[in-house]
Amino acid sequence: MERSPGEGPSPSPMDQPSAPSDPTDQPPAAHAKPDPGSGGQPAGPGAAGEALAMLTSFGRRLLVLIPVYLAGAVGLSVGFVLFGLALYLGWRRVRDEKERSLRAARQLLDDEEQLTAKTLYMSHRELPAWVSFPDVEKAEWLNKIVAQVWPFLGQYMEKLLAETVAPAVRGSNPHLQTFTFTRVELGEKPLRIIGVKVHRGRRKEQILLDLNISYVGDVQIDVEVKKYFCKAGVKGMQLHGVLRVILEPLIGDLPIVGAVSMFFIRRPTLDINWTGMTNLLDIPGLSSLSDTMIMDSIAAFLVLPNRLLVPLVPNLQDVAQLRSPLPRGIIRIHLLAARGLSSKDKYVKGLIEGKSDPYALVRLGTQTFCSRVIDEELNPQWRETYEVMVHEVPGQEIEVEVFDKDPDKDDFLAHATKVLEVIILTFWWFPLQGGQGQVHLRLEWLSLLSDAEKLEQVLQWNRGVSSRPEPPSAAILVVYLDRGQDLPLKKGNKEPNPMVQLSIQDVTQESKAVYSTNCPVWEEAFRFFLQDPQSQELDVQVKDDSRALTLGALTLPLARLLTAPELTLDQWFQLSSSGPNSRLYMKLVMRILYLDSSEVSFPTVPGSPGAWDEDNESPQRGSSVDAPPRPCHTTPDSHFGTEHVLRIHVLEAQDLIAKDRFLGGLVKGKSDPYVKLKLAGRSFRSHVVREDLNPRWNEVFEVIVTSIPGQELDIEVFDKDLDKDDFLGRCKVSLTTVLNSGFLDEWLTLEDVPSGRLHLRLERLTPRPTAAELEEVLQVNSLIQTQKSAELAAALLSVYMERAEDLPLRKGTKPPSPYATLTVGDTTHKTKTISQTSAPVWDESASFLIRKPYTESLELQVRGEGTGTLGLLSLPLSELLVADQLCLDHWFTLSSGQGQVLLRAQLGILVSQHSGVEAQSHSYSHSSSSLSEEPELSGGPPHITSSAPELRQRLTTHVDSITGSPGSSLKSESWSTPSLLSWALRQNGRDPPDPYVSLLLLPDKNRGTKRKTSQKKRTLNPEFNERFEWELPLDEALRRKLDVSVKSNSSFMSRERELLGKVHLDLAEIDLSQGVAQW
């Protein structure tokens, strides 16, 4: 049946064929239904548009002929036209490839789920929301956040480019005064995070994240220089790579993270679509060159060892070390040989096949090495050695690319990649990919030692090794250039633009230039390999950025570092040939490179290295690696064993508020106060003092702390009740002051309450690697031990659990999933579980407080997840006391008879510098004998007599030194800490006395020589914190005696004083130049 044109209904969308192009690129009108009233006739404006488009297309094609016409008009050869045409076709081909790649990548990101479903032949309902890998997570929630933030990031970028970058560009060159950004759009395609992998940090103060990022964006940035009618820009870009984010240091205050470091572990891949004048960069040859230059710029900023550091807190310590930390180790790469390479050389138009002229590129991060070319050889022997710094394990990888050298463009042969998952010490033939053949590498892991003990051994070994192109290194030097001060001015008193050149032999590195200042701040790091640190020198030249004017110089022999603590100098250095006050602040850190293998054979005669036999593919004795490789010592990080012990002495409080109420609040009572302490994730609580607003706790707590900035000790005081304890106040103490000064004794005002203050004493105890003072420490701890406190620690045990080997298998065939527990007393540390391996690498450390080093032991138990005990180890701490530096670092055999563990256990003795007690070197008894019956102590202490021996008292008196002669002062101090005066008085069946101390400098008995302490109420163990001084000449002081009496008030209404005890100190028998503290 025929239908009239006016009656025909419009076809439905299901009947219309889909357009071949992307529907999202079409305007909305393209999807609209045609007007049925139009009868299918085109509208007038549409016909005119088609005609205009046809004329435009014809004009463009006509313009193509203009170069041909111009070439003929000026008499040029047709070769110019053909060259231009070839150049245009090449540009067009590169351009089309980039656009096709961008479209494919966008389609993959937009329709990832659908494409994956088609590939896996699964329905949409059967496909999970994300695919889980063992250690990589797909964080879609993070992509949603990035997508939400992306438009606002675009606004920020537009503002940044227009207000900051554009003025800087205009001011850099007179020809760019009309430079401007005409368009800045980040587009609608945000950056996507494909996967997130979280690593356990090497230290507890850091978190490691690997973000697999992919950016296929429709970014469009256009610039214009109006003066020259020049336009350029970028339209579309791809960037793919793994970005590592390190959150460190973790601090005990908001925002918890002190700084964020970001860098690419490996060079990311980049593809840019240019517009305008920059279209020329898409010409073949220039395209790869431009992308390479941009990648080099990114690598110099964001690829290891370079990193971007964003501090999150002010006054962050060790910024230079965070921005450029010491490397984890050194990999020595021996590029030995290759075999079975493909032939690329052809002769007589390909009729005759030749060989290849191979050379290799070895790359790790931004460090690249090129071998020599071996002519006409498919099985080349290079025998070259390179040394590279490794900063991140796992993550970094070694890349080897083999090329055929040609006069024009070198041909690619093949490549190999080795990921540094663990510390490497191996040799092998690695198969080449992308071609044929194998490459022979030998990899050696060199540990960094912070002492020069093994330097001679390393130098002796290096003398017997032939290495090219450079001799092997014995050490590395890292120079942290911080700032300069009072550099000389240029002519006309103009401020210089200083930069620094640092040189060691023929290697020179330069810092950035800091403009218009004579007090520059660089904050840069420089790294050097050293062949012989005993004879080499560091030459420092401070120059103006023109290099014509020298502002100062410095020559530093590196042998000076060998005698410095931990091979480190951190100080100001005076410049020569400069101003009188011109100097540089630098930190120099040297580390010895040690091949940590028990199988290494050091040659006794220099110049006789062992030969390598290519036939059996195993190194001989004397080579740098023997099989099987196994470390003989642990390799902990530099923070291991740097912990301190904080001793917290909670003494007393005053003027606390009363919280107890009786009879419905009509009768006001007191409070039952106690103290809660929180520090480093641990909590402590004092005992409760009943019905007292001025309580005395006198308790000591100890906690292991690190030097993390921002830590605080939180103190809260509560009133103990039957239901809910009442709040009596709080205060905080920053640990920075205590850790720097070592001691703090203060009254702290309680906050959030009307009244109250708390008396605290804090002391930092630094472990010492010597047992000479252990007896004195144990003796002092027994004297200052309070009744309510636990036994004080005498030492700190630090354990580094690195790895295990040869653990028993499950059911004889399957490897276990082992973890380890370290126990000392009632404290236990559990390591992470390593999945299915009989040679786990834990790389963890733990610390323990040791109270009885002679009797305690470290108990190690290796267990398998679900399989029980795999092995046991008991290490008595008495073995550490007789070890060198109180440290044992080697393999230990487990008691099960199968399996070994590699661990480091080191002990540090905790010596208090503020106890006020000088313990003697031998033990003595505090038995029931009188004070006069105690034997004389070594060193000739004063003779002590007692007028009340039946009380059997103990008295500690600290007589300080005399500082000079005639007219100097004699000082006497008392208290438990810092200057302890502790008493043990027997009650004898009566109420406790109210003691005080009276001091009299005999033979005078007048008020001028008499001193008296404050009175302590109802206590048998009074503690005083008072100082007394007498001014008199030294010769006269030696003729005096100090009378010390302990007295108590008999009653409230009586002036009579009860004598509790007395001692006489003959000052002639005391070395007043040194002072003495004893019972």
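Residues numbered from 1 in each chain as written. Predicted model: local features only at pLDDT ≥ 70, side-chain atom pairs only at ≥ 80, totals over all residues. Heavy atoms only, no water.

### So, the overall build of the chain
Then comes step 1: Per the secondary structure count, the chain includes 13 helices and 54 strands.
Then comes step 2: Out of the 1079 residues in the chain, the part that is buried amounts to 45%.
Then comes step 3: By sequence separation, contacts in the chain at least 24 residues apart represent 65% of the contacts at least 6 residues apart.
Then comes step 4: In the form shown here, the chain has an accessible surface area of approximately 56600 Å², with 53% of it arising from carbon and sulfur atoms. (Helix = DSSP H or I, 4+ residues; strand = E, 2+ residues; numbered from the N terminus. Buried < 20%, exposed > 50% of the residue type's maximum accessible area, 1.4 Å probe, protein only. Contact = heavy atoms within 4.5 Å. Areas by Shrake-Rupley, 256 points an atom, 1.4 Å probe, with all protein chains shown as cover.)

### So, unusual backbone geometry
Then comes step 1: With an omega dihedral of -5°, the bond running from E248 to P249 counts as a cis peptide bond.
Then comes step 2: On the secondary structure map, P249 appears in the loop between β4 (230–247) and β5 (259–264).
Then comes step 3: Even without being glycine, L567 reaches a positive phi, approximately 55°.
Then comes step 4: Along the chain, L567 falls in the loop between α9 (559–562) and β24 (568–574).

### Quick look at the confidence of the model for the chain
Then comes step 1: Mean pLDDT over the chain: 75, with 75% of residues reaching 70 or higher.
Then comes step 2: Low pLDDT, under 50, characterises residues 917–970; the predicted model gives this stretch 144 contacts beyond four residues in sequence or across chains.
Then comes step 3: A low-confidence stretch, residues 973–989 stays under pLDDT 50, and its non-local contacts, those more than four residues away or across chains, total 82 contacts. (pLDDT = per-residue confidence, 0-100.)

### Section: the side chain of R527
Then comes step 1: Structurally, R527 can be placed in strand β21 (residues 521–530).
Then comes step 2: Discounting residues that sit within four places of it in the chain, R527 has contacts with P305, S324, P325, M389, H391, L477, V478 and Q509.

### Brief notes about the pattern of salt bridges
Then comes step 1: Scanning the entire structure with this criterion turns up 23 salt bridges.
Then comes step 2: Residue D544 pairs with K490 through a salt bridge whose shortest N-O separation is 3.9 Å. Within this pair, whereas D544 is found in strand β22 (residues 537–544), its partner K490 is found in the loop between β18 (475–485) and β19 (498–504), the two being separated by 54 residues in sequence.
Then comes step 3: Owing to a relative accessible area of 4%, D544 belongs among the buried residues under this scheme. (Salt bridge = Lys/Arg side-chain N within 4 Å of Asp/Glu carboxyl O.)

### Brief notes about the pairing of strand β28 (residues 644–654)
Then comes step 1: Burial runs high along β28: 10 of the 11 residues are buried.
Then comes step 2: For β28 and strand β33 (residues 696–705), the ladder comprises eight bridges, and the chain directions are antiparallel. Following the sheet pairing, H644 is matched in β33 by V705.
Then comes step 3: Alignment of β28 against strand β37 (residues 757–765), held across nine bridges, turns out to be antiparallel. Across the sheet, the residue bridging to V645 is L765, located in β37. (Pairing = 2+ DSSP bridges.)

### Here we look at a nonpolar patch on the surface
Then comes step 1: A grouping of W141, I145, V149, L153 and Y156 is seen on the molecular surface, where their side chains present a nonpolar patch of about 520 Å² in accessible area.
Then comes step 2: The partly exposed category is assigned to L153, whose relative accessible area is 34%. (Patch = residues over 30% accessible without salt bridge, like charges linked within 9 Å, V, L, I, M, F, W, Y side chains within 5 Å.)

### Some words on the sheet that holds strand β20 (residues 507–510)
Then comes step 1: Spatially, four strands are ordered β20-β19-β22-β23 in an open sheet, and the strand pairing comes out antiparallel. At either end of the open sheet lies a strand with only one pairing partner, and these are β20 and β23 (550–557). The average undirected angle you get between the axes of adjacent strands in this sheet is 15°.
Then comes step 2: Pairing of β22 with β23 involves seven bridges; the strand directions are antiparallel. In the sheet register, K543 faces β23, and the bridge partner there is T550. (Axes fitted to C-alpha atoms, helices over the stretch in contact; angles between N-to-C directions.)

### Quick word on the side chain of R328
Then comes step 1: By secondary structure assignment, the location of R328 is in the loop between α7 (319–323) and β8 (329–339).
Then comes step 2: Taking relative accessible area as the criterion, R328 reaches 17% and is therefore assigned buried.
Then comes step 3: At 3.3 Å, the side chain of R328 forms a polar contact with the side chain of D843. (Polar contact = N/O pair within 3.5 Å; in protein donor to acceptor, adjacent residues only side chain to side chain.)

### Quick word on the environment of E643
Then comes step 1: Considering the arrangement of structural elements, one finds E643 in the loop between β27 (618–619) and β28.
Then comes step 2: By relative accessible area, which is 12% here, E643 ends up buried.
Then comes step 3: C-alpha separation for the pair E643 and S798, spaced 155 residues apart in sequence, amounts to 8.6 Å.
Then comes step 4: Apart from residues lying up to four places away in sequence, E643 is in contact with I704, V705, T706, P767, L796, S798 and S847.
Then comes step 5: There is a polar contact of 3.5 Å between the side chain of E643 and the side chain of S847.

### As for a positive patch on the surface
Then comes step 1: Together, R1007, K1010, K1012 and R1057 give the surface a local cluster of positive charge.
Then comes step 2: Relative to the helices and strands, R1007 is located in the loop between β49 (995–1002) and β50 (1010–1012).
Then comes step 3: Accessibility expressed as a relative area gives 80% for R1007, which makes it exposed. (Lys, Arg positive; Asp, Glu negative; His and termini not counted. Charge placed at Lys NZ, Arg CZ, Asp CG, Glu CD.)

### As for the sheet that holds strand β34 (residues 712–719)
Then comes step 1: A sheet is described by the order of its strands in space; here four strands give the open sequence β32-β31-β34-β35, paired in antiparallel fashion. Two strands lie at the open edges of the sheet, namely β32 (682–685) and β35 (726–734), each paired on one side alone. Looking at each pair of strands side by side, their axes are set apart by 20° on average, direction ignored.

### Considering the packing of aromatic side chains
Then comes step 1: This model, assessed by the stated rule, comprises nine aromatic pairs.
Then comes step 2: With a centroid separation of 5.9 Å and an interplanar angle of 25°, the aromatic rings of Y674 and F718 are classed as stacked. Taken as a pair, Y674 in strand β31 (residues 673–679) and F718 in strand β34 lie far apart in primary sequence, 44 residues in all. There is no split in this pair, since Y674 and F718 are both buried.
Then comes step 3: Put simply, the rings of Y359, F403 and F412 pair up and form one aromatic cluster.
Then comes step 4: Over the face of the ring belonging to Y594 we find K454, whose NZ or CZ atom lies 4.3 Å from the ring centre.
Then comes step 5: Sitting above the plane of the Y819 ring, K830 keeps its charged end 4.4 Å from the centroid. (Phe/Tyr/Trp six-rings, centres within 6.5 Å; stacked < 30°, edge-to-face > 60°. Lys NZ or Arg CZ within 6 Å of the ring centre and 35° of its normal.)

### Quick look at helix α8 (residues 455–463)
Then comes step 1: For α8, the set of buried residues is L455, V458, L459, W461 and N462. Taken end-on, α8 shows its buried residues confined to a sector of 160°, consistent with a single buried face.
Then comes step 2: Residues of α8 that are buried sit in contact with α9 and β25 (583–595). (Arc of directions from axis to C-beta.)

### A few points about the environment of L1034
Then comes step 1: Following the sequence through the fold, L1034 ends up in helix α13 (residues 1034–1037).
Then comes step 2: For L1034, a relative accessible area of 33% translates into the label partly exposed.
Then comes step 3: When the C-alpha atoms of L1034 and L1072 are compared, they prove to be 8.8 Å apart, with 38 residues separating the residues in sequence.

### What about the nonpolar core?
Then comes step 1: L477, L538, M586, L588 and M590 are the most contacted members of the largest nonpolar core, which totals 38 residues.
Then comes step 2: Among residues more than four places away in sequence, those in contact with L477 are I504, F526, R527, F528, L530, L558, L561, L588, V589 and M590.
Then comes step 3: Counting residues in hydrophobic clusters, the runner-up holds 37 residues, among them L822, W842, L881 and L903. (Core = buried A, V, L, I, M, F, W, Y, C linked by side-chain atoms within 4.5 Å.)

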